[in-house]
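Here's the letter readout for the chains.
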Amino acid sequence: MMVVPTAVRRAARRRLIACLLAVSALAPAAPIGAQTCPGDCDGSGVVGVEEVVRAVAIALGTLPVAACPAADRNGDGAVTIDDLIAAAGSVLNGCPATPTATATPTTSRTATASPTATDTHTPFPTDTATSTPTATPTASRTATPTDTPPPTATDSPTPTETGTATATPLPDAATLLLRVRPAGADDAALQLSGVRLDGPAAAGRAVAYGPVALTVTAEDADPVEQRLPDGLAPGTWLHHIGVAAGSAAYAQHQRTLVVADPAAPAIVEWRLFRSLLTVTRDDDAGDGVCDESCTLRDAVDASATAPPPALIRFAADRLADGEGRVRIRVDRNPPLRLRAPGTMIDGRDAAGHPSPLDGFAERFYPTTITLVAENANPDPKPGLACPCQESNGGVLRVQAEGVRLEGLAIVRQLAAEGSICCGDQDLVDFDAGSRGGAVATCLLDGGGRAISSAQVAQGETHAPTGKDCVEARNTGATADDPIVVADSELRYCHDRGVKSKLGALRLERNWIHHNLRGGVFALSPTAGTTGTGVIEAVGNLIEGSGRNCPSGDPRACGPAQAITRTQASELSAQGNRTALVTEGNVVRGGVLQGLYFQGRSAGAINGDYVCGISNGSGAGIGILVKQATPMPPVPCLSEGDCEDDGICLDGVCVDDTGGAPEVSARGVTTVWNGDSGVRLNGYRSADFGSEGDAGGNAFTNNGFTEAGTARLKRNFVNALVDTAVLAAARGNQWQHCYPSSGASADACSATAISRNDTNNSNTGAPDRVDASDAEPHASTAAPVIDAVTPSRAAAGEPVRIVGRGFDAISGHAGGSRDCRALASGNGCAPLRGTCVEVLADGQWVEVADVLGVTPTHLVVRSPITCAAPTELRVRRRALDGAEVVSAPVPFCRN
């Protein structure tokens, strides 16, 4: 007998159930009457996946109905799609104990009026089997008949199964607000529906809704909203929209977390499109026309002349393999130019994968676009020279406003190491006019997993050309309308993960790792220009730059895999006034610098955790601020000529800022970095805390030999050329706050800090680093929480806690210098370091993992999947062992 591996069985189960869910959510849901449990072939009261497989076989005609009479609910001698949907529902929700009535609330289709139904549900203490109630709202304004089916999705989904913990019991049912943004023209008939995938016991609440019929007219300029009143079971939901607008008919799908929050509904938002372009071929040899035969290049070209905005999707029924994956290969020279405003390329399937609720390693990407270099193996073109020009297998170039790439895996196939051309081999480029563009829930893989050098074949003698995963150049984007990269994984890029030249780019909640020449790079493209590149990075995990990863497992990629010609800072800025603005990032495991500011670049860094930057030989700096040469004089005729360089005096711009630093740090921790936590080099200082404006930073355990022996005075080093400059570092936490004897919980020893944490030569009157007004990390004052983001989370999802008084020192004492094992030093039982807990089921539950600890920011993984409002708190120890606890704050809110 052949034994089927567990992973294969689970994958088959996921594909089957996802397909049934996708169909069920696009069809009217019906209440189950008094009957045997649908799909319970053996009468056990529990339906397993094998029994659903048997029901499918009956429906396909390969088994008789007698093989599972319970699959034929009405006894007509056939198993229909409705029967299969019911059987799948039995797997997910259990067999019905007692039939319950279908919930039928009514709502109003306006953005202002939201009639509600009285909630009659009571909290439930235990998980009990129920029927499958469905919320079926009736819209008060609609021209779409409720019996008109939406367009059928053609995807072949393969969802990812993840286990979650939930907070129970639930005090309330959930409310949902459906929001649709019109396309600006054409009437559209919509049907919206949804089905719950997992969560706590439904307890009589609806686990499906719809179809909700709506219309959007050409006159609608504002979003159209439909509120479903209380009655939905909270949990992870899969939502669908079916659209018929003119000649375009399509369906889209997404997953969200719905919380039973009585103060606010969960919101599901959709965009509408006027044109649909469907990719039906997986090659790149199209004819320039997107008809029944349509390549991705055909669709991209056709979008330029189609009525905007256009949606580009993939015909999974024709292209998907047995795993439910569509694999597109682009191997012609020219880039693919997205030139129509508002275009979206949507790679998600009917099960809503990839889902931002899943961890990066657990995501399933149903659509992969492989960009193949001309000379890439295994079939390089013969006699091909390496051109330093835009070439080499197509780059997705965004050249219009509001273009969005959603749910795609985009992969670069490089040539063999040593023959990689210096031509442009980026993955996604945002060009002039592309402001408001976005990459969301994507996987970008630059193909450099096993490359040991970032050097290209022709060296540095030719014009530079990129091999970044994302490059934004001259986009025209602003802080109010930036390029956005969110919820995405960017890995193994031959150059940087993200590069920005002239324009604003925002990074949110990404995993950027193992990129050969650095993670994030803000750059001035032209000498002498100012304010040319601004990158704002919030809540990202950025790690492993300058290390290759042949195994493909980031956990196995250590110091021994540092590549040559790295230039690999995790985040860096170069150029006059080029800026990094950061908040709450975890930066770890690189080889050169965590954050690097070159020249007169600027930075406002807040709440970042910078850990383990080391090449294994004592090098590696947490934060480096460096200007190699003094700023040259700038000639001027008027004040306007000087711009940011000061005032015009005797024909030369003179700095009038009094030497004020252009880099400031607040709430940052640097720890376990090989050379130093902070180093100021050359001609630039920085502000790590000044009088009246405490830094709130922490510096600890930086500087160690290859054997792991600690070195003194490596937490903060002022190596400026002007030895008279006193670096500002007031109001921070320090490793040596408390002396070896006579310590007081609420006071630091200025002498111990000056002698052991800085390179001051005179501890009585510091001459290099002003570390006064230090913050005792184990004081008797309770920590304070100001905000928690996101306000709701799935189990394992990173959560940022902003506040003050967190202990960023004790949790690192005596540690193994492993930045991925912070929970060993920051836990709740016993209490050590800084402990974070969530109230679940009436008990405080310790967080699942700790990613970063600073005096003002904590980054942890949620131990629960939010289902109802609860609370979160922080605990730590005072120096004498007493416990201090923050006031609980709300968590799990819509």
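Anyway, here's the lowdown on the structure attached to this text.

### Some details on the overall build of the protein chain
- Across its full length, the protein chain carries six helices and 58 strands.
- The buried share among the 894 residues of the protein chain stands at 55%.
- Restricting to contacts in the protein chain with at least 6 residues of sequence separation, those with at least 24 account for 74%.
- Accessible surface, the protein chain: about 33,300 Å² in total, of which carbon and sulfur atoms supply 52%.

### What to know about the sheet that holds strand 48 (residues 784-789)
- Taken in spatial order, the four strands of this open sheet run 48-49-55-54, and their pairing is antiparallel. Both edges of this open sheet fall to strand 48 and strand 54 (849-853), since each of them pairs with a single strand only. Strand-to-strand twist in this sheet, taken as the mean axis angle between neighbours without regard to direction, amounts to 25°.
- Summarising the sheet, strand 48 and strand 49 (residues 798-804) pair through five bridges and their orientation is antiparallel. The residue bridging Val-788 from the neighbouring strand is Ile-801, located in strand 49.

### Remarks on the environment of Pro-335
- With respect to the element layout, Pro-335 can be found in the loop between strand 11 (326-330) and strand 12 (336-338).
- Through-space distance from the C-alpha of Pro-335 to that of Val-398 is 10.0 Å; in sequence the pair is 63 residues apart.

### Comments concerning unusual backbone geometry
- Pro-790 follows Thr-789 through a cis peptide bond whose omega is -10°.
- You can see Pro-790 is positioned in the loop between strand 48 and strand 49.
- Cis rather than trans, the peptide bond between Ala-829 and Pro-830 has omega equal to 0°.
- Phi at Ala-203 takes a positive value of approximately 50°, unusual for a residue other than glycine.
- By relative accessible area, which is 22% here, Ala-203 ends up partly exposed.
- One non-glycine residue, His-514, adopts positive backbone phi at about 55°.
- Mapped onto the secondary structure, His-514 falls in the loop between strand 26 (511-513) and strand 27 (520-523).
- With relative accessibility at 3%, the residue His-514 sits in the buried group.

Rules used in this analysis
- Residues numbered from 1 in each chain as written.
- Predicted model: local features only at pLDDT ≥ 70, side-chain atom pairs only at ≥ 80, totals over all residues.
- Heavy atoms only, no water.
- Helix = DSSP H or I, 4+ residues; strand = E, 2+ residues; numbered from the N terminus.
- Buried < 20%, exposed > 50% of the residue type's maximum accessible area, 1.4 Å probe, protein only.
- Contact = heavy atoms within 4.5 Å.
- Areas by Shrake-Rupley, 256 points an atom, 1.4 Å probe, with all protein chains shown as cover.
- Pairing = 2+ DSSP bridges.
- Axes fitted to C-alpha atoms, helices over the stretch in contact; angles between N-to-C directions.

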